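# Architecture at a glance
Listed below are the residues making up each chain.
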Amino acid sequence: MQELLQYLFSGMTNGAVYAVIALGFSMLYSSTDLINFAHGEFVMLGALCMVSLTAGAGLALVPAFFVTVAAVAAAGMLFERLAIRPVRHPEPIVLIIITVGASIFLRGTGMLIWGKDAHSMPPFLDIAPIDIAGARLLAQSVWILVIVTALAAGLHLFYKKTLTGKAMTACAVNKKGAWIVGIPFKWMVLLAFGLSTGLGAVAGASIAPITMSSYDMGTILGLKGFCGAMLGGLGSLWGAILGGFLLGILEAMGVGFVSSGFKDATAFLLLLLVLYVRPQGILGTAEVKRF
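Residues numbered from 1 in each chain as written. Predicted model: local features only at pLDDT ≥ 70, side-chain atom pairs only at ≥ 80, totals over all residues. Heavy atoms only, no water.

### Remarks on the side chain of Ser-214
Note that Ser-214 resides in the loop between helix H8 (185-207) and helix H9 (217-232). One polar contact links Ser-214 to Asp-216, side chain to side chain, over a distance of 2.6 Å. Every residue in contact with Ser-214, bar those within four places of it in the chain, is listed here: Met-44, Leu-48, Asp-117 and Ala-118. (Helix = DSSP H or I, 4+ residues; strand = E, 2+ residues; numbered from the N terminus. Polar contact = N/O pair within 3.5 Å; in protein donor to acceptor, adjacent residues only side chain to side chain. Contact = heavy atoms within 4.5 Å.)

The following block contains the structure:
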């Protein structure tokens, strides 16, 4: 029981991070029908910016967190403005190739700025782990779970209660119809990129204290976040959260009871299983469920 709880806590921590990354994928897809394969690199930027601002510049934790999220969100909006919007024929394959190229560019830029060495930072709260039935839960893990809960509630209220959120939903349902009634579609896409990459920054900043941050960390995190989004149902808010947590827990159980060699393979095995059995995901429908 003690081992099972320890693996469960570890899986929930990783799953919460995957859920935040999956939220970024699903939110952007819901608003633009675009899958941003550079999303993992924005997670990397969030982690390394957080390390630089706290451990390097000595900035306080809370201001550093918000500065990091704002800076990475601005970078995401700049990416949309310079690389996505000018495309004359925005076919899906063209946009995917652009995001893959952006991923390579951002990874190289990260290597030039921060080098090839891994970086670390102290935890948000320097307190002892919480002991539950012999298993230990890190305080940083609790923070990550709180952040995921707050993000999920905030996004739900944003899409259901605010005029801007409803406008983004309208653009996702029918772009031409939204344009006819006066909704500025291009601005909604720009905002969607900012929110999506901001979520990536939140994920990166949250895991910086519990893992080593490096220029190449975004690739595997982005792929796992994408797997979580597909598992839960691409385009579904609650599906992204469910898929991220399920992936993290199954991954931890596989490492604990089978072999550590299955850690990274778990995500892709689940993705293949979902594509074969239920391509729309657990909470998805034949037509992707919108926020």
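### Regarding the environment of Ala-267
Mapping Ala-267 onto the fold places it in helix H11 (residues 265-277). The buried category is assigned to Ala-267, whose relative accessible area is 0%. Along the sequence, Ala-267 and Val-43 sit 224 residues apart, while their C-alpha atoms lie 18 Å from each other. With near-sequence residues (within four places) excluded, Ala-267 lies in contact with Lys-224, Cys-227 and Leu-247. (Buried < 20%, exposed > 50% of the residue type's maximum accessible area, 1.4 Å probe, protein only.)

### A short note on the packing of aromatic side chains
Across all of its chains, the model carries 6 aromatic pairs by this definition. Geometrically, the ring pair formed by Phe-158 and Tyr-159 is edge-to-face, given 5.2 Å between the ring centres and 85° between the ring planes. For Tyr-159, a relative accessible area of 5% translates into the label buried. An aromatic cluster of three or more residues is present, and its members are Phe-25, Phe-37 and Phe-226. (Phe/Tyr/Trp six-rings, centres within 6.5 Å; stacked < 30°, edge-to-face > 60°.)

### Topic: the pattern of salt bridges
One pass over the full model with this rule turns up 3 salt bridges. Residue Glu-80 is joined to Arg-85 by a salt bridge in which the shortest nitrogen-to-oxygen separation is 3.4 Å. Relative accessible area serves as the criterion here: at 23%, Arg-85 is assigned to the partly exposed category. (Salt bridge = Lys/Arg side-chain N within 4 Å of Asp/Glu carboxyl O.)

### Considering the packing of helix H2 (residues 39-56) against H9
Where H2 meets H9, the axes come as close as 7 Å, and the angle between the chain directions of the two elements is 125°. Between H2 and H9, the crossing angle belongs to the class labelled oblique. Between H2 and H9 the crossing geometry is right-handed. On the side of H2, the interface is formed by Gly-40, Glu-41, Val-43, Met-44 and Ala-47, while H9 contributes Met-217, Gly-218, Thr-219, Leu-221 and Gly-222. Classifying every residue of the contact of H2 with H9 by side-chain character gives 5 nonpolar, 4 polar and 1 charged. (Axes fitted to C-alpha atoms, helices over the stretch in contact; angles between N-to-C directions. Parallel < 35°, antiparallel > 145°, perpendicular 65-115°, else oblique. Left-handed = near helix turned anticlockwise from the far one by under 90°. Nonpolar A, V, L, I, M, F, W, Y, C, P; charged D, E, K, R; others polar.)

### Details of H9
Taking 1.5 Å of rise per residue, the 16 residues of H9 would be expected to cover 22 Å, and the 23 Å separating its terminal C-alpha atoms lies within 8% of that figure. Burial runs high along H9: 13 of the 16 residues are buried. Trailing H9 by a residue or two, Gly-233 shows a phi angle of about 125°, which is positive. (Expected span 1.5 Å × (residues − 1).)

### What to know about a nonpolar patch on the surface
A cluster of nonpolar residues, Met-1, Leu-4, Phe-257, Val-258, Phe-262, Leu-269, Leu-272, Leu-273, Leu-275, Tyr-276 and Val-277, forms a patch on the protein surface that exposes about 1,200 Å² of accessible area. Looking at the nonpolar patch element by element, the count peaks at 6 residues for H11. Position of Phe-257 relative to the elements: it lies in helix H10 (residues 237-257). Overall, Phe-257 belongs to the partly exposed group, its relative accessible area being 48%. (Patch = residues over 30% accessible without salt bridge, like charges linked within 9 Å, V, L, I, M, F, W, Y side chains within 5 Å. Areas by Shrake-Rupley, 256 points an atom, 1.4 Å probe, with all protein chains shown as cover.)

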